[in-house]
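Close look at the chain arrangement
Here's the letter readout for the chains.
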Amino acid sequence: MGALSACNVPADGNVTAVLAVQGAFAEHERMLDALGQPWFELRDADDLELPFARLILPGGESTTQGKLLRERGMLEPLRERVLAGMPVLATCAGLILLAQRVEGDGSRATTPRPDQVGPWLATLDVTVERNAYGRQLGSFHTTAPFDGLGQVPMSFIRAPYVSAVGPKSQVLARVDGRVVAVRQGSQLALAFHPELDGDPRIHELFLSL
């Protein structure tokens, strides 16, 4: 399908917006192409004027992404859309952006400040531990059960994990006893990178929300 622009976004809004301020967004875009799902990139507040029905928050550096969202005037508008029920797929750093409580690397579970690493959108009732598996040398690949999908390949890169799940969230997957995937309403949040493994089932689940 390829990227859309302001000139060719369909009026019905059946489009996925991919946050593209930093991180591994191109891999998600290729997965959407393979599934025939139109998409465009969110880079600044003007892009929020385009109609879209879904949102992808990719992996990358969550502190950088969060600060850019705030500086470019996108943090609060996206928070409002997610709270209103817009389906969102969040992977790795995206999970951190959604989490209401963030720990590790000096994080503070309080109102965001300029020097803070979280929380940001704070729409997902979980506590997330940043860089829980270590940095680059801690990256790994495995296969594990995913609720409703069976065995799913999972690539972890400097990954967080969910250290506590609130009553509003449902656990979808665990690896070595640690929660690595949760769902809360239309929010689907993962510690790993499904866009890297060539298995479309998680993106298909997201597009069905």
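These figures come from a predicted structure and were not determined experimentally.

**Digging into the pairing of strand E12 (residues 187-190)**
Regular strands show a simple pattern: their side chains alternate between the two faces of the sheet. Burial along E12 is two-sided: Gln187 and Ala189 facing one way and Leu188 and Leu190 facing the other are all buried. As judged from the four bridges shared by strand E4 (residues 88-91) and E12, these two strands associate in the parallel manner. Each residue of the ladder has a partner; that of Leu89, found in E12, is Leu188. Strand direction decides the pairing type here: strand E11 (residues 178-184) and E12, joined by four bridges, are antiparallel. The residue bridging Ala181 from the neighbouring strand is Leu190, located in E12. Counting the residues in the hairpin turn of E11 and E12 gives two residues, including Gly185, whose phi is positive at 60 degrees.

**Looking at the confidence of the model for the chain**
Of the residues in the chain, 84% have a pLDDT of 70 or more, and the chain-wide mean is 88. The model gives residues 106-114 a pLDDT under 50, and that stretch makes 21 contacts with residues more than four places away or in other chains.

**What to know about the side chain of Asp199**
Position of Asp199 among the secondary structure elements: in the loop between E12 and helix H5 (201-208). With relative accessibility at 16%, the residue Asp199 sits in the buried group. A distance of 2.7 Å separates a polar atom in the side chain of Asp199 from a polar atom in the side chain of Arg201. In this view, Asp199 contacts Met31, Pro153 and Pro194; residues no more than four positions away in its chain are not counted.

**Points about the nonpolar core**
One recurring pattern in soluble globular proteins: nonpolar side chains tend to sit buried together. Residues Phe146 and Met154 are the most contacted members of the largest nonpolar core, which totals 60 residues. What Phe146 contacts, discounting residues up to four positions off in sequence, is Val152, Met154, Leu172, Ala173, Ala181, Leu188, Leu190, Phe192, Ile202 and Leu205.

**Describing the pattern of salt bridges**
Charged atoms that come close allow side chains of opposite charge to pair. Evaluated as defined, the whole model comprises six salt bridges. Arg30 is paired through a salt bridge with Glu27; the nearest N and O atoms lie 3.9 Å apart. Linking Arg30 with Glu27, this pair stays in helix H1 (residues 25-34), spanning three residues, or about one helical turn. Of the charged contacts in the structure, one is a salt bridge between Arg79 and Glu76, with a shortest N-O distance of 2.6 Å. With Arg79 and Glu76 both in helix H3 (residues 75-83) and three residues apart, the pair spans about one turn of that helix. Taking relative accessible area as the criterion, Glu76 reaches 40% and is therefore assigned partly exposed.

**Focus on the packing of aromatic side chains**
Inspection of the entire model under this criterion finds three aromatic pairs. With a centroid separation of 5.8 Å and an interplanar angle of 80 degrees, the aromatic rings of Phe40 and Phe52 are classed as edge-to-face. Remark: Phe52 occurs in the loop between strand E2 (39-42) and strand E3 (54-57) and Phe40 occurs in strand E2; sequence separation between them is twelve residues. Geometrically, the ring pair formed by Phe140 and Phe156 is stacked, given 4.6 Å between the ring centres and 10 degrees between the ring planes. Of the two residues, Phe140 sits in strand E7 (residues 140-146) while Phe156 sits in strand E8 (residues 150-156), which places them 16 residues apart along the sequence. Grouping aromatic residues by their ring pairs yields a cluster made of Phe140, Phe156 and Phe192.

Thresholds, definitions, all that
- Residues take numbers from 1 onward in each chain, read along the sequence in its written order.
- A pLDDT threshold of at least 70 governs which residues receive local features in this predicted model, and a stricter bar of 80 or more applies before side-chain atom pairs are shown or counted, although totals over entire chains, interfaces and linings include all residues.
- Side-chain descriptors were evaluated using all non-hydrogen atoms of the structure, hydrogens and water having been removed beforehand.
- The cut-offs for exposure are 20% and 50% of the maximum accessible area for each residue type, with area from a 1.4 Å probe on protein chains only; residues under the lower value are buried, those over the upper are exposed, and the others partly exposed.
- Going along the chain from the N terminus, every DSSP run of H or I of four or more residues is numbered as a helix, and every run of E of two or more is numbered as a strand.
- At least two DSSP bridges between two strands are needed for those strands to be called paired.
- Confidence of the prediction at every residue is given by pLDDT, a number between 0 and 100.
- The contact criterion used throughout is that any non-hydrogen atoms of two residues lie within 4.5 Å.
- For the purposes of these results, a polar contact is taken to be a pair of N or O atoms within 3.5 Å, where, inside protein, one atom must be able to donate a hydrogen and its partner to accept one; residues adjacent in sequence count only when each atom of the pair is a side-chain atom.
- Put simply, a nonpolar core is a bunch of buried Ala, Val, Leu, Ile, Met, Phe, Trp, Tyr and Cys residues held in one set by side-chain atoms that sit within 4.5 Å of each other.
- In what follows, salt bridge is the name for a side-chain nitrogen of Lys or Arg lying within 4 Å of a carboxyl oxygen of Asp or Glu.
- Ring pairs are drawn from Phe, Tyr and Trp, using the six-membered ring of Trp, whenever the two centres fall within 6.5 Å, and their geometry is named by plane angle: stacked under 30 degrees, edge-to-face over 60, tilted for the rest.

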